[in-house]
Amino acid sequence: MRFGFIKAACATPAIRVADCDYNARQTIQAVEDAARQGVEVLCLPELGLTGYTCEDLFFQPVLQAGALQALADVMNATASLPVLFAVGLPVAVRGKLYNCAAVVQQGRLLGLVPKTYLPNYNEFYEARRFAAAPEETFPVELLGQTVPFGTRLLFCHPTEASCKIAVEICEDLWAPLPPSVGHALAGATLIMNLSASDEVVGKAQYRRSLIAGQSARLLCGYLYADAGQGESTTDMVFAGHDLICENGAVLAESELFHGGMVVSEVDLERLAAERLKNTSFAAQKDEGYTCIAMGETKQDWQPVRPVDPAPFVPAGQAERASRCEAILEMQAQGLRKRMEHTHAASAVIGISGGLDSTLALLVVVRAFRLMDKPLKDVVAVTMPCFGTTRRTRSNAEKLCEALGVSLKEVNIADTVRSNFADIGQEEDRLDVTYENTQARVRTLVLMNLANRLGGLVIGTGDLSELALGWATYNGDHMSMYGVNASVPKTLVRHIVATVAAESEPALRAVLEDILDTPVSPELLPAAENGEIAQQTESIVGPYELHDFFLYYAVRWGFAPKKIFWLAQRAFAGRYPDKVLVQWLENFYRRFFNQQFKRSCLPDGPKVGTVTLSPRGDWRMPSDACASLWLEEVRQLAAQLNG
């Protein structure tokens, strides 16, 4: 395992019905192939050593003995391999025949798990041949070993507490109360399912949704290995539909009728962290369960699971557009409720020509349309001062004209200078006071104007800025309702782009130019050529990195070293390791130091799984120390510096 990830696989070897010797060789080949790829846990199909479709041949002692010999051969041939794997075979115990999963590692039989629910419909007549799993767990003698026999077995990693593996077999998952429910509540984070599910039209889609859904309900990883090539086609066909799922997501899936192996990494640490926070996941005592110590699975493996560099942004265009539309609607509906509840006559919003205020204005316009209120009551205020550029000012004006809202200009330079004089600030001293005075005067104008118009000031700050504390306390930090408060910067851009793509030419043109404008608070004088001189990302770092850090630090609670490891994979070839560590240190330092700003945020709608509202998902003392996290980042930096 590495950073909580365990490399897992499902394989469907090509078999021959009732040819146990051949099937053993195919199984050995599959385990060896898995070991070469660094796989630590491998799931194989139901009754794979005999074939699922042996029917009444299962009653034949010759076949039963052949299956046991095949298991012995597999165990002997794989004794030097650290892979833990589950293979299916029939086993006679106490005068009854059971459909079993044998869990094997390094030549040792760790346990036998019998099938609980036996189908007896359509072409499946298992109840004719096999007995259902007994309630109790008891030891059995098999191949010279004494092993536990029962459904309540947990295979536990010797050093990784988050790694507990359990098994169920095919129909068990289709039952109203699958054994995997009890397994997960007893602590299992990874479920293996040895299956032989026949293929009919539409079943693959149902099977996929069932397995993904079970992994979501149980907050677990789920390995599903399906019978395929070589099974009898007398009345059915088997497609070898293998799946690896994690908490509702399909990580890997085989192509139907192509066999082979699917491989991915399951993040057991992530699952354990989610269970800690999820109060609906009512973990129970593992009473009745036997914990079996598995051996070390440590392998030298290369990651195959992709890491999305933009975890807040869906990759597919259609899904991305749908997500953006859904967020816009949630923002607008939240504002609509607040406007109606307060009987506000208008909405007042500072408009800068930048991305955040543009998105906020689009939300306000949508909310007013939902309320059938005239757009003239949307008052957009542009407040030019020392750092305002011609481009952003022009875009603000064009945006308001295209949307049909009221535009008011308030030049705040004289007010800022007056305040400078009051406090003894020199105008040529371009320090934090110089910048923040402008930001606070902007908010002063908006608040007072809203009072005069009987309106609400709509906040424009986004989630990424809140995480970094990139907001002036009692300046742009403050509003009467913050519509962007849970929208990360990387997603703000896509929402505006989605609106642009669906807009009339005039609005599309200005939105596209706003998208092309560097992010800036424009609190320092422009460059000599009139362009923006103060660019946010050159100061606090790239927002794509900070959003990545934010997602894994807050949503999953990962440690800095794991976040860095993920970032190395997500941004390979784009950012050197030292740059990643530099901005990771900056993220943690700012995140801790700036909590006091988040402790008194205005209300705003939650639209995603990550939010920093002090009333909801994130509660943190403003004087918490970052030393533990920063020390881990510094260790990374020291390693990189040799």
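Structure: above.
The structure reproduced in this document is the subject of the present report. Position numbers for residues start from 1 in each chain and track the written sequence from start to end. Local features in this predicted model are restricted to residues of pLDDT 70 or higher, and side-chain atom pairs are both shown and tallied only at a pLDDT of 80 or more, whereas totals for entire chains, interfaces and linings draw on every residue. Hydrogens and water are ignored here; the side-chain numbers use all heavy atoms of the structure.

What follows is about the overall build of the chain. Labels follow the DSSP assignment, with helices taken as runs of H or I lasting at least four residues and strands as runs of E lasting at least two, numbered in each case from the N terminus. Along the chain, the regular secondary structure elements total 20 helices and 22 strands. Structurally, the chain occupies a C-alpha span of about 100 × 55 × 45 Å along its principal axes. The buried share of the chain, taken over its 642 residues, is 57%. To measure how exposed things are, a 1.4 Å probe is used in the Shrake-Rupley method; for residues, cover is taken only from the protein chains shown. Counting only carbon and sulfur atoms, one obtains 50% of the accessible surface of the chain, whose full area is about 26,500 Å². Positive and negative charge centroids in the chain, built from 59 and 74 side chains respectively, lie 4 Å apart. Categorising residues by exposure relies on relative accessible area from a 1.4 Å probe, with only protein chains included: less than 20% of the type maximum marks a residue as buried, more than 50% marks it as exposed, and the intermediate range marks it as partly exposed. Charge counting treats Lys and Arg as positive and Asp and Glu as negative, with His and both chain ends excluded. Note that the charge is assigned to NZ on lysines, CZ on arginines, CG on aspartates and CD on glutamates.

To continue, consider the state of the cysteines. In plain terms, two cysteine sulfur atoms within 2.5 Å form what is called a disulfide here. One pass over the full model with this rule turns up 1 disulfide. Here Cys156 engages in a disulfide with Cys291; their sulfurs sit 2.2 Å apart. Taken as a pair, Cys156 in strand β10 (residues 153-156) and Cys291 in strand β17 (residues 290-293) lie far apart in primary sequence, 135 residues in all. Cys400 provides the cysteine sulfur closest to Cys385, a residue in no disulfide bond, and the two sulfurs are 19 Å apart. Here Cys625 is not cross-linked by a disulfide; its sulfur's nearest cysteine counterpart is in Cys600, at 20 Å. What makes Cys625 exposed here is its relative accessible area of 58%.

Turning next to the packing of aromatic side chains. Within 6.5 Å between ring centres, the rings of Phe, Tyr and Trp (the latter by its six-membered ring) count as paired, and their orientation is classed by plane angle as stacked under 30 degrees, edge-to-face over 60, tilted in between. One pass over the full model with this rule turns up 24 aromatic pairs. Definition used: whenever NZ (Lys) or CZ (Arg) falls within 6 Å of the ring centre and also within 35 degrees of the ring normal, the charge is taken to sit over that ring. Arg2 extends its terminal NZ or CZ atom over the ring of Trp301, reaching a point 4.4 Å from the ring centre. Arg16 extends its terminal NZ or CZ atom over the ring of Tyr22, reaching a point 3.9 Å from the ring centre.

With that settled, the discussion passes to the pattern of salt bridges. Here, a salt bridge means any Lys or Arg side-chain nitrogen found within 4 Å of an Asp or Glu carboxyl oxygen. Here the structure, examined in full by the defined rule, presents 36 salt bridges. A salt bridge links Asp513 to Arg391; its shortest N-O distance comes to 3.2 Å. Placement of the pair is Asp513 in helix α14 (residues 505-515) and Arg391 in helix α9 (residues 390-403), with a sequence separation of 122 residues. On the accessibility criterion, Asp513 (28% relative accessible area) is partly exposed. Relative accessible area serves as the criterion here: at 27%, Arg391 is assigned to the partly exposed category.

Looking now at unusual backbone geometry. Of note, the phi angle at Ala18 is positive, near 70°, even though the residue is not glycine. As for its placement among the helices and strands, Ala18 is situated in the loop between β1 (5-12) and α1 (20-36). What makes Ala18 partly exposed here is its relative accessible area of 31%. One non-glycine residue, Cys170, lies in the positive phi region at around 40°. By the element assignment, Cys170 lies in the loop between β11 (164-169) and α3 (171-174).

Below, the discussion takes up helix α20 (residues 627-640). Each helix should span, by expectation, one fewer than its residue count multiplied by 1.5 Å. An ideal rise of 1.5 Å per residue puts 20 Å on 14 residues; α20 measures up with 20 Å between its terminal C-alpha atoms. Taken together, the buried positions of α20 are Leu630, Val633 and Leu636. Taken end-on, α20 shows its buried residues confined to a sector of 110°, consistent with a single buried face. Across α20 from its buried face, at more than 90 degrees, point the exposed residues Leu628 and Gln639. Two residues or fewer after α20 comes Gly642, characterised by a positive phi angle close to 75°. This arc is taken over the directions from the axis of the helix to the C-beta atoms.

We treat two strands as partners when DSSP finds at least two bridges between them. An order of β15-β14-β13-β12-β11-β10-β17 is seen for the 7 strands of this open sheet, with the pairing classed as mixed. Two strands in the sheet have a free side with no partner beyond their single neighbour: β15 (249-253) and β17. With direction set aside, neighbouring strand axes in the sheet form an average angle of 25°. As judged from the 4 bridges shared by strand β14 (residues 243-246) and β15, these two strands associate in the antiparallel manner. Among the inter-strand pairings, Ile244 is bridged to a residue of β15, identified as Ala252. In this analysis, axes come from line fits to C-alpha atoms, helices being fitted only over the stretch in contact, and the angle between any two N-to-C directions falls in the range 0 to 180 degrees.

Take the packing of helix α17 (residues 560-570) against α20 next. Closest axis-to-axis distance for the α17/α20 pair is 9 Å, and the angle between their directions is 50°. One finds that α17 runs oblique with respect to α20. For the pair α17 and α20, the contacting residues are Pro560, Lys561 and Phe564 in the first and Trp629, Glu632, Val633, Gln635, Leu636 and Leu640 in the second. Following the grouping adopted for this structure description, the nonpolar residues are Ala, Val, Leu, Ile, Met, Phe, Trp, Tyr, Cys and Pro, the charged ones are Asp, Glu, Lys and Arg, and the polar ones are all others, Gly among them. Tallied by class, the residues present in the contact of α17 with α20 amount to 6 nonpolar, 1 polar and 2 charged. For classification purposes, angles smaller than 35 degrees are called roughly parallel, those larger than 145 roughly antiparallel, those between 65 and 115 roughly perpendicular, and all remaining angles oblique. Two residues qualify as a contact provided that any one of their heavy atoms is within 4.5 Å of a heavy atom in the partner residue.

Another aspect to go through is the nonpolar core. Take the buried residues of types Ala, Val, Leu, Ile, Met, Phe, Trp, Tyr and Cys, join any two whose side-chain atoms come within 4.5 Å, and each joined set is a nonpolar core. One finds Leu361, Phe548 and Leu550 to be the most contacted residues of the largest nonpolar core, which totals 94 residues. Counting residues per element, this core draws most heavily on helix α8 (residues 355-370), at 10 residues. The contact partners of Phe548, leaving out residues within four places of it in the chain, are Val307, Asp308, Pro309, Pro311, Ile563, Leu566, Ala567, Ala570 and Phe571.

All right, on to the environment of Ala626 then. When you line up the elements, Ala626 lands in the loop between α19 (595-598) and α20. A relative accessible area of 10% places Ala626 in the buried class. In this structure, the C-alpha to C-alpha distance between Ala626 and Val540, residues 86 residues apart in sequence, is 18 Å. Ignoring anything within four residues of it in the chain, the contact list for Ala626 reads Tyr588 and Phe592.

Okay, the pairing of strand β12 (residues 190-195) next. Burial of β12 is extensive: 6 of the 6 residues sit out of reach of the surface. Taking every second residue as pointing to the same face, both faces of β12 are buried, with Leu190, Met192 and Leu194 on one and Ile191, Asn193 and Ser195 on the other. Where β11 lies against β12, 5 bridges are found, and the strand directions are parallel. Note on β12: the bridge partner recorded for Ile169 is Leu194. In this region the chain leaves β12, passes through helix α5 (residues 203-217) and returns to the parallel neighbour strand β13 (residues 221-226); the handedness of that crossover is right-handed. We call a crossover right-handed when, viewed with the strands running away from us, the connection from the first strand over the helix to the second turns clockwise.

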